[in-house]
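Now for the letters of each chain:
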Amino acid sequence: MTLTGIAGASLAIAGLSGVRAVAFDFNGTITSDDELQYLVYAETAAAELGVELDRPFFRARLDGLSDPDLFHEIHRAFRLRPPTPEQLERLGRVRLARYLARLRTVSPVRPEAAVLIRRLAVHLPLALVTNAPRAEVEPVLAHAGLTHLFAIVLSREDVTHGKPHPEGYITAMERLAEIVPRLRPEDIVVFEDSAVGISAAGAAGMRTVAVHPAAGKHADLMCTAMAEMELAREGWTIG
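Quantities reported herein were computed from a predicted structural model and do not represent experimental measurements.

Draft legend 1. Structural context of the environment of L149. Turning to its location among the elements, L149 is positioned in the loop between α6 (134-144) and β5 (152-154). Taking the C-alpha atoms as reference points, L149 and T224, separated by 75 residues in sequence, lie 23 Å from one another.

Written out as structure tokens, the structure is:
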């Protein structure tokens, strides 16, 4: 992606003014794979730990967490012996293999998210901040032709603490500031689908847009149609 000409741009996004950079979550925001994620984690927990995850428990307690945090939470909830680092690594590896196997037959990218990403990338630098491992993110972005549109991609391996900790978004801010002069946290708008992600971005001082009703009450703005969001620059609307 060529950044020349966009580093000093400022947009209004659906009424949020002064936006100079945008960050996206991955699972549930760029992708529409909530049910797929649930099935993959439920299959992994059943096969590897002998426990059954129902959907309400998954949505309420696990949604948005990184694999290590998620499997730790399962062990706590079901009163299992605390996992070793080796066990956590195996659980993550098995879960990822199941997820990637499903991708051979379907792309999980939300068409409306891809439209918005392409529109925004013309004008502003974009970052992706996710609790997912890089091996999950890269093939999905590549298959959808979106990789080159992100100036920064931060996956689970790039941080010590996953969401809801703000480290990922703080790191994204630092790297975006190398592209955008005098960038402040409030100049960045973050698209997220979970309360965990909204909390992380908010703690980093950024404004937030929820793309799922479950996170809407925690965000600055609720978005129901990403492809139709109004983008405006210096008083005129961008198509």
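Draft legend 2. Fine view of helix α8 (residues 195-203). Within the span of α8, buried status applies to V196, G197, I198, A200 and A201. Of the surrounding secondary structure, the elements contacted by the buried residues of α8 are α7 (167-176), β6 (188-192), β7 (207-210) and α9 (213-216). Of the residues flanking the end of α8, it is G205, one or two places downstream, whose phi is positive at about 90°.

Draft legend 3. Region of interest: the pattern of salt bridges. Evaluation of the coordinates by the stated rule reveals 19 salt bridges. Note that E73 is salt-bridged to R76, the shortest N-O span being 2.9 Å. Of this pair, E73 and R76 both sit in helix α3 (residues 67-77), three residues apart, which is roughly one turn of that helix. Looking at E73, the relative accessible area reads 13%, which means it is buried. Residue R76 is classed as exposed on the basis of its relative accessible area of 54%.

Thresholds, definitions, all that
- Residues numbered from 1 in each chain as written.
- Predicted model: local features only at pLDDT ≥ 70, side-chain atom pairs only at ≥ 80, totals over all residues.
- Heavy atoms only, no water.
- Helix = DSSP H or I, 4+ residues; strand = E, 2+ residues; numbered from the N terminus.
- Buried < 20%, exposed > 50% of the residue type's maximum accessible area, 1.4 Å probe, protein only.
- Contact = heavy atoms within 4.5 Å.
- Salt bridge = Lys/Arg side-chain N within 4 Å of Asp/Glu carboxyl O.

Geometric descriptors of this kind do not, in isolation, establish any biological role.
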